Amino acid sequence: MTTEAMDPAGERLRRWRMVLGGDDADGTGCALSGKDAAMDGALTALYGKGDKGTQSGRDRSAGLGASAPSVARWLGDIRMYFPSSVVQVMQRDAIDRLGLSTLLLEPEMLEAVEADVHLVGTLLSLNRAMPETTKETARAVVRKVVEDLEKRLATRTRATLTGALDRSARISRPRHHDIDWNRTIAANLKHYLPEYRTIVPERLVGYGRASQSVKKEVVLCIDQSGSMAASVVYASVFGAVLASMRSINTRLVVFDTSVVDLTDQLDDPVDVLFGTQLGGGTDINRALAYCQSQITRPAETVVVLISDLYEGGIRNEMLKRVAAMKASGVQFVALLALSDEGAPAYDREHAAALAALGAPAFACTPDLFPEVMAAAIEKRPIPVPDAV
């Protein structure tokens, strides 16, 4: 029989005590011991000191301190007491609230943390300051996260885009199994025979089959500013997946106030990530100018700009470039973020200006990205989420 079944009132008090943190004014009068006291201590070390009490479990620590051993012990504690999703949130908060970034430069610390996209972003921002003794450990941490993402995202992305590539090449004399019945019926509605309650198709519409030659060009243009860290990680993984598809020629460009083409590193997204430099200014116009110069088949090209749109360059020139690319036949997609966190802070005036050009700017989750790319490849309306 559980404690809650034996004493529901006591269990409620215990939970309220854990929530309220044990300050004098929490009103529960509940003391903690054992595992509860240890969990309470781990939470207090991160989220607040409180007043030191005399009851067991109510001593509030004064934070994690600056020493690696105490932080390593704390990391071990939270992994013992909390599920992985909660551990990742607490680690992120510890880095933000307590300034523990520099401790991640020590190999033993990296081995103790729970790796996720946000940790990768932090490591990339520390890349230039990272000692050689830590870099191999950091690469191992980043590789683990990247491989997990590829397992989750690659199969669906390839399947969705292969279908889109097939559908983008319509043929008029398809074999039976290549017939697109929905489009064939729509094209032959005028041939409906009421007496037979059927349609006699005079024109068949079918899917083309993706050939081994390149059919589409995709340019991923990624803002490296600090707020875009998670987007950089996801975009690098998707870039590697797209590059593995023979029918798509993928180019990956990252930028701040300078522009770096990382296309030749797309076979290894970890190399791509360590080739980025998070932070710094932003010159979207300069990045788009470079991307525009690389386009040789505009009608078969999709440009994906991933940025919060805070432009440090020439705003009007940026918008002119987007308009020129669209006029030439380029499919242009603007993503405020490529992550699970929703839209970041972004320049709403620039987003509205892009929307007026027919390039709506919206935050995109990794799960939605294949559908967005498929729509762009097929030149269908982009599936913009309701909350933008």
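On a predicted model such as this, the values are computed, not experimentally measured, just so you know. (Residues numbered from 1 in each chain as written. Predicted model: local features only at pLDDT ≥ 70, side-chain atom pairs only at ≥ 80, totals over all residues. Heavy atoms only, no water.)

*Asks:* Even after reading the chapter, I still don't get the pairing of strand E6 (residues 248–255), so can you show me in this structure?
*Replies:* If a strand is regular, its side chains alternate between the two faces of the sheet. Here E6 lies mainly inside the structure; six of its eight residues are buried. At this point the chain moves from strand E5 (residues 216–223), through helix H10 (residues 229–243), to the parallel E6, and the crossover so formed is right-handed. Both E6 and strand E7 (residues 259–261) contribute to a ladder of three bridges, which runs antiparallel. Directly across from Val 253, in E7, lies its bridge partner Asp 261. Connecting E6 to the next strand, E7, in antiparallel fashion are three residues. (Buried < 20%, exposed > 50% of the residue type's maximum accessible area, 1.4 Å probe, protein only. Helix = DSSP H or I, 4+ residues; strand = E, 2+ residues; numbered from the N terminus. Right-handed = clockwise from strand over helix to strand, strands pointing away. Pairing = 2+ DSSP bridges.)

*Asks:* Explain the environment of Val 117 here, please?
*Replies:* Secondary-structure assignment places Val 117 in helix H7 (residues 117–125). Classification of Val 117 as buried rests on a relative accessible area of 10%. For the pair Val 117 and Leu 149, spaced 32 residues apart in sequence, the C-alpha to C-alpha distance is 9.1 Å. Ignoring sequence-local partners within four residues, the contact set of Val 117 consists of Val 145, Leu 149, Ala 230, Val 233 and Tyr 234. (Contact = heavy atoms within 4.5 Å.)

*Asks:* Just to check I follow, could you spell out the pattern of salt bridges for this structure?
*Replies:* Between side chains of opposite charge, a pair can form when the charged atoms approach closely. The final tally for this structure, using the stated rule, is twelve salt bridges. Across the pair Glu 132 and Lys 135 runs a salt bridge, and its minimum N-O distance is 3.5 Å. Pair noted here: Glu 132 and Lys 135 are both in helix H8 (residues 132–167), with a separation of three residues, about one helical turn. On the basis of relative accessible area, Glu 132 is assigned to the exposed category, the value being 61%. Judged by relative accessible area, Lys 135 falls into the partly exposed class, the value being 26%. Arg 152 is the salt-bridge partner of Asp 367, the closest N and O atoms lying 3.3 Å from each other. On the criterion of sequence distance, the pair formed by Asp 367 in the loop between strand E10 (361–364) and helix H15 (369–378) and Arg 152 in helix H8 is long-range, its members being 215 residues apart. (Salt bridge = Lys/Arg side-chain N within 4 Å of Asp/Glu carboxyl O.)

Purely geometric numbers; function is a separate question.
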